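Structure at a glance
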Amino acid sequence: LTLSVCHDLSLNSALYIYTDLRKHSWSGIPREVRPITWRLLSGYLPANMERREQVLRRKREEYFGFIEQYYHSRTDEHHRDTYRQIHIDIPRTNPLIPLFQQPLVQEVFERILFIWAIRHPASGYVQGINDLVTPFFVVFLSEFVEEDVENFEMAALPLETQRNIEADSFWCMSKLLDGIQDNYTFAQPGIQTKVKALEELVSRIDEDVHLHFKKCEVEYLQFAFRWMNNLLMRELPLRCTIRLWDTYQAESEGFSHFHLYVCAAFLIKWRKEILSMSDFQGLLMLLQNLPTIHWGNEEVGLLLAEAYRLKYMFADAPSHYKR
């Protein structure tokens, strides 16, 4: 975003917010304007500037109203198993990042996930949803932290700021999940469908890789279930996920549809390594531990460009591209 675009974020133009803002955000959002941009793109913050403070205050109060109304029920028999699973999963969320090992932060995540689960009984809490809080939490925390967010001590912030970050993370995660909730309903049919779609897409994009999987008896579900369930968050450093989500929120149906093409591009990125593996065990180990630890914006940018190309060729394309 240029400085003039950053300035225009405050203009009362819904048309601008939801067209030009998406266009500028697709290729990455500068850190200093990412929090407000994510709130806008997720549909949490209204485009009308005069209404923003009122809406934020009301939504934050509403969230903490849910806490007062429901959170005590976490020990009730009806909700005990849900809370127990959340409590187990939270320490496993980005375990190498100190921020997420702080008891104060883990309590925030427990509240967010528990409230979401009991307000969405069709799915409830499913392992993997815990990961989806972290990008929002880090982005909204970065609004108040200039230094390294991943090592920041949350208790240093005023209580009201902590509460605002928590409420905003809850609502934006909820907006994301609204578009992919069939990923988390009983038997997770959305994920099953997306994994099958990935298999079909790869068979058209790169038949050699597809046939190699068949030869080695590797099922797409064995590695791609996690890619769909966790939106590649277990495969990429958090900084890369945040950059990826800039585009997902700017792309129409980014989380629900464009993610498929990102997964396909991600898989084909490793075709040389895949084709060099001739045994089931080695191939599966590779696919479950791909070496992305040093990835940054450049690698994510190339991945997104390839995903966009695939989407154009195989989803938005003239029929002669389709097999």
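The residue numbers shown here count from 1 along each chain, following its written sequence. In keeping with the model being predicted, local features are shown solely for residues with a pLDDT of at least 70 and side-chain atom pairs are shown and tallied solely at 80 or more, while totals for entire chains, interfaces and linings include all residues. For the side-chain quantities, the full set of heavy atoms in the structure was used; hydrogens and water were omitted.

Note the following rule: UniProt positions are given in the numbering used here, feature names are shortened, and annotations may be inferred rather than shown by experiment.
Under the annotation held in an unreviewed UniProt entry, the protein carries the name Rab-GAP TBC domain-containing protein and is attributed to Pygocentrus nattereri. Per UniProt, the protein carries the Function (unreviewed entry) text "May act as a GTPase-activating protein for Rab family protein(s)."

Some points on the confidence of the model for the protein
For clarity, the threshold we go by: The predictor's confidence in any single residue is recorded as pLDDT, a number from 0 to 100. Should any heavy atoms of two residues lie within 4.5 Å, those residues are counted as being in contact.
Within the protein, residue pLDDT values average 91, and 92% of them lie at 70 or more. Scored below 50 in pLDDT, residues 1–12 shows 25 contacts in the model against residues more than four places distant or in partner chains. In the predicted structure, residues 318–323 sits below a pLDDT of 50 and forms nine contacts with residues beyond four places in sequence or in another chain.

Some remarks on the layout of surface pockets
For the record, the criterion: Whether a set of points on the 1 Å grid over the protein atoms alone is a cavity depends on a 1.4 Å probe fitting there but being unable to get out, while an open set qualifies as a pocket with protein on both sides within 12 Å along at least five of seven lines; lining residues are those with an atom within 4 Å of a point. Grid points are joined across faces, edges and corners, and a volume is the space filled by probe spheres set on the points. Going along the chain from the N terminus, every DSSP run of H or I of four or more residues is numbered as a helix, and every run of E of two or more is numbered as a strand. Side-chain classes are defined by residue name, with Ala, Val, Leu, Ile, Met, Phe, Trp, Tyr, Cys and Pro counting as nonpolar, Asp, Glu, Lys and Arg as charged, and the others, Gly among them, as polar.
Approximately 560 Å³ is the volume found for the largest pocket. Lining the largest pocket are 22 residues; nearest its centre among them are Asn-94, Met-233, Arg-234, Leu-236 and Pro-237. A per-element tally of the lining of the largest pocket places helix 13 (residues 238–250) first, with three residues. Considering only residue class, the lining of the largest pocket consists of ten nonpolar, five polar and seven charged.

Structural notes on the nonpolar core
Put simply, the rule reads: Nine residue types can take part in a nonpolar core, namely buried Ala, Val, Leu, Ile, Met, Phe, Trp, Tyr and Cys, and a core is a set of them joined through side-chain atoms within 4.5 Å. Residue burial is assigned from relative accessible area. The probe radius is 1.4 Å, only protein chains are included, and a residue is buried under 20% of its type maximum, exposed over 50%, and partly exposed in between.
Grouped together as the largest cluster of nonpolar side chains are 106 residues, with contacts concentrated most on Phe-137, Leu-141, Met-173, Phe-213 and Trp-245. In terms of residue count, helix 14 (residues 254–269) provides more of this core than any other element does, eleven residues in total. If we skip the residues at most four places from it in the chain, Phe-213 touches Val-218, Tyr-220, Phe-223, Leu-267, Ile-274, Leu-283 and Leu-287.

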